[in-house]
Amino acid sequence: MGWFSIKKNDTNRNDLTIFAPITGTSIPLEDVPELIFNQRIVGDGLAIKPSNGQVMAPCDCVIKEIFKTKHALVLSSIPWNLTIFIHVGIETMEIGENNIFKPLVKEGEQVKKGTPILEFDINELQKKIHTLLTPVIISAESLSAVSDMEKVTGPCTANSTPCICINVHKDFKNKSKE
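Residues numbered from 1 in each chain as written. Predicted model: local features only at pLDDT ≥ 70, side-chain atom pairs only at ≥ 80, totals over all residues. Heavy atoms only, no water.

Participant: Hey, could you run me through the sheet that holds strand β3 (residues 43-50) in this one?
Facilitator: The strands that make up a sheet pair up through hydrogen bonds in the backbone, lying either parallel or antiparallel. Here 8 strands make up an open sheet; going across it, the order is β9-β5-β6-β7-β11-β3-β2-β13 and the pairing antiparallel. Each end of this open sheet is capped by a strand with a single partner; those strands are β9 (110-111) and β13 (154-156). Alignment of strand β5 (residues 61-66) against β9, held across 2 bridges, turns out to be antiparallel. Of the residues in β9, the one forming a bridge with C61 is V111. (Pairing = 2+ DSSP bridges. Helix = DSSP H or I, 4+ residues; strand = E, 2+ residues; numbered from the N terminus.)

Participant: What is the right way to read the packing of aromatic side chains from this model?
Facilitator: Think of a pair of aromatic rings as described by two things: how far the centres are apart, and how the planes are tilted against each other in angle. Counted under the stated rule, the structure contains 3 aromatic pairs. On the basis of an interplanar angle of 25° and a centroid distance of 6.4 Å, the ring pair of F37 and F85 is categorised as stacked. With F37 in helix α1 (residues 35-38) and F85 in strand β7 (residues 83-87), this residue pair connects regions lying 48 residues apart in the sequence. Ring geometry for F101 against F120: centres 5.9 Å apart, planes inclined by 40°, an arrangement best described as tilted. With a gap of 19 residues between them, F101 in strand β8 (residues 101-103) and F120 in strand β10 (residues 116-120) connect regions that are remote in the sequence. In this pair, the class of F101 matches that of F120, namely buried. Pairwise contacts between aromatic rings join F37, F67 and F85 into one cluster. When the ring centre of F19 is taken as origin, the NZ or CZ atom of K113, which lies over that ring, is 4.4 Å away. (Phe/Tyr/Trp six-rings, centres within 6.5 Å; stacked < 30°, edge-to-face > 60°. Buried < 20%, exposed > 50% of the residue type's maximum accessible area, 1.4 Å probe, protein only. Lys NZ or Arg CZ within 6 Å of the ring centre and 35° of its normal.)

All quantities given are derived from atomic positions and should not be read as evidence of function.
As structure tokens, this is what we get:
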């Protein structure tokens, strides 16, 4: 396993556990060949090299946005309203509107962890882009609420493997209760 090991029972010690949204192998964000991700311009997290074309909700969340090209989703975690960004592949925006991606949810919909939210044709996508690496990011604006974030690299299974474990600042917890 990557940077550290988390036992399934240990996820209860975190305020929010983001589970792998896709099956594959997770890697550090700095290994993603795209400046906006590897320099953490949009936020912090990791990336997953997918082995299939199904994306699942990584936690209980609300679907805030589905990009027009359908390759990326913006989610809001329940609880804490942290913004999570899942971006399938690098340079996927350049494909434009396409039939490769099929959203399985609608904007504004509330879903449970493990709900299928997006499908894509992994073989067709591989022909059109340089890498299938899929960043899973906690947005830069949400990072101010995070006191501690641990990331796990290595093999991961969607809806089963914890990949990002988050604790929020005590002040943020108090504000969210108001």
